[in-house]
Amino acid sequence: TYKIVNIQRNAITVQDAKNKAPGMESTTADNVLATVEANFPYRVNPLYAWWIAKYIGNQNKVVTEVLDKAAQSSTRDALATYKLEGARVTERKGFENLLTKQFGINIFNNLPKAELTDAELATVFEVLPVQLMNVIADPKVSNALSEKKATEITLDYQKTLTSIMAEQANRRGQEGKGIKN
């Protein structure tokens, strides 16, 4: 029998927090190598358990030949469309949703096309929402991005100060003209 389980990298855990595997590495849209830690939950449709056993095999084969590949492809495909900051913070929910959508698509693409229609194949596994835990960049990259952001903020601040000083100089010039006349 099958249970609700989670795929995490090359390990499958049955709701067991002790067996956490490392995340999957992929490149973001801004070309930063990042590690994604996420759970890819799914449920087997009991109506098609016979088909899974016949065409894929035991639970270990289901994990290695279908689900693990789908999780890895989903991570690669989804992360490639987000910048690091978006995947980590600003667009995190959208990133999770895309991971879930891609996981379903990639499971379907990894299933053998035997004896079932495409509509039936789409219901062999129920994909539950992906649980994104973390998106981690190399610490050196994270520090460099933080320094770049700090520099941009400092530059914006200096531009504001310069425009304030220019406006003050303009006002003094206008005041001087008023006194002269």
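My aim in this report is to walk through the structure given alongside it, one point at a time.

## Some remarks on the nonpolar core
So, step 1. Trp51, Phe95, Leu111, Val124 and Phe125 are the most contacted members of the largest nonpolar core, which totals 35 residues.
So, step 2. Counting residues per element, this core draws most heavily on helix α2 (residues 59-79), at 7 residues.
So, step 3. If we skip the residues at most four places from it in the chain, Leu111 touches Trp51, Ile56, Val66, Leu121, Val124 and Phe125.

## Regarding a nonpolar patch on the surface
So, step 1. Where nonpolar side chains cluster on the molecular surface, the patch consists of Tyr157, Leu161 and Ile164 and spans about 280 Å² of accessible area.
So, step 2. Following the sequence through the fold, Tyr157 ends up in helix α6 (residues 139-180).
So, step 3. With relative accessibility at 52%, the residue Tyr157 sits in the exposed group.

## Some remarks on the pairing of strand β4 (residues 33-44)
Side chains on a regular strand alternate between the two faces of the sheet.
So, step 1. Of all 12 residues in β4, 9 are buried, a share of seventy percent or more.
So, step 2. Relative to β4, strand β3 (residues 24-27) runs antiparallel, the two being bridged by 4 bridges. Residue pairing across strands places Glu25 opposite Thr35, the latter belonging to β4.
So, step 3. Between β3 and β4, which follow one another and run antiparallel, lie 5 residues, and Asn31 among them has a positive phi close to 60°.
So, step 4. With 6 bridges joining them, β4 and strand β6 (residues 131-137) adopt antiparallel strand pairing. Bridging across to β6, Val36 finds its partner in Val135.

Rules used in this analysis
Note that residues are indexed from 1 along each chain, following the sequence as it is written. With pLDDT at 70 or above as the cut-off, local features in this predicted model cover only qualifying residues; side-chain atom pairs require 80 or more to be listed or tallied, and sums for whole chains, interfaces and linings still use all residues. The side-chain figures draw on all heavy atoms in the structure; neither hydrogens nor water molecules are used. We define the nonpolar core as a collection of buried residues of types Ala, Val, Leu, Ile, Met, Phe, Trp, Tyr and Cys that are connected through side-chain atoms lying within 4.5 Å of one another. Whether a residue is buried, partly exposed or exposed follows from its accessible area with a 1.4 Å probe, protein chains only, as a fraction of its type maximum: under 20%, in between, or over 50%, in that order. Each helix is a run of DSSP H or I of at least 4 residues and each strand a run of E of at least 2, with the numbering of both proceeding from the N terminus. A contact between two residues is defined here by any heavy atoms of the two lying within 4.5 Å. For patch detection, residues must exceed 30% relative accessible area and be free of salt bridges, and they are connected within 9 Å for like charges or within 5 Å for nonpolar side chains (Val, Leu, Ile, Met, Phe, Trp, Tyr). We get accessible surface area from the Shrake-Rupley algorithm with a probe of 1.4 Å; when it comes to residues, only the shown protein chains can shield them. Any carboxyl oxygen of Asp or Glu that lies within 4 Å of a side-chain nitrogen of Lys or Arg is treated as forming a salt bridge with it. The criterion for strand pairing is that DSSP finds at least two bridges linking the strands in question.

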